[in-house]
Amino acid sequence: SRRSLELGGADNAHVLDTHAAALAAVGRFDSAAATAERAAALSEARHDDTLARSIRARLRSYRSGQAYIDHGAVLPVPPR
C-alpha cells in the first residue's frame, strides 16, 4: 500500500483507505486513524458519501484498537 501512495495515491481516498487498513493490520492504529481521516475527508470533498461512511466506520474500529479485515476479498492461493 505504501507503493501506491508513492505512485500518486496520496490524494486518492481508496488508496488511503487501503493504506489505513494495512497500518491497522500491523498495529499502527494512530497512523491508521490519521490516514482514514484524510481518506474520509477526501471522499466527502468529492461528494462520495457512501465511501466516506464506510471509511468512518473503519476509522471507529482503528480508534478502538481493532484492525479491519475484509474476508470477502481473500483470493484463493493458486496450486503449485
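For the structure itself, consult the block above.
What comes next concerns the included structure. This one's a predicted model, so the numbers in the text were calculated from it and none came from an experiment. (Residues numbered from 1 in each chain as written. Predicted model: local features only at pLDDT ≥ 70, side-chain atom pairs only at ≥ 80, totals over all residues. Heavy atoms only, no water.)

### Examining the overall build of the protein chain
The criterion, for reference: Note on conventions: DSSP H or I runs of at least 4 residues are helices, E runs of at least 2 residues are strands, and numbering of each starts at the N terminus. When checking whether two residues touch, look at their non-hydrogen atoms; a contact exists if any pair is within 4.5 Å.
Each helix and strand in the protein chain was counted, giving 4 helices and 0 strands. Secondary structure of the protein chain in N-to-C order comes out as α-α-α-α. When contacts within the protein chain are restricted to residue pairs at least 6 apart in sequence, those whose partners lie at least 24 apart make up 46%.

### Focus: the environment of Gly27
Its place among the elements puts Gly27 in the loop between helix H2 (13-25) and helix H3 (29-45). Expressed as a C-alpha distance, the spacing of Gly27 and Ala67, which sit 40 residues apart in the sequence, is 7.5 Å.

### What about the pattern of salt bridges?
Inclusion rule: Think of a salt bridge as a Lys or Arg side-chain nitrogen and an Asp or Glu carboxyl oxygen that are within 4 Å of each other. Exposed residues in this analysis have more than 50% of their type's maximum accessible area, buried residues have under 20%, and partly exposed residues fall in between, with area computed by a 1.4 Å probe over protein chains only.
As enumerated under the stated definition, the model contains 5 salt bridges in all. The salt bridge involving Asp11 is made with Arg38; its shortest N-O contact spans 2.6 Å. Here Arg38 lies in helix H3 and Asp11 lies in the loop between helix H1 (2-6) and H2, a separation of 27 residues in the sequence. Linking Glu44 and Arg56 is a salt bridge whose minimum nitrogen-to-oxygen distance equals 2.9 Å. Separated by 12 residues along the polypeptide, Glu44 in helix H3 and Arg56 in helix H4 (residues 49-63) bring together distant segments of the chain. Relative accessible area serves as the criterion here: at 25%, Arg56 is assigned to the partly exposed category. Sharing partners across several salt bridges, the network here consists of Glu37, Glu44, Arg56 and Arg63.

Read these as spatial facts, not as claims about activity.
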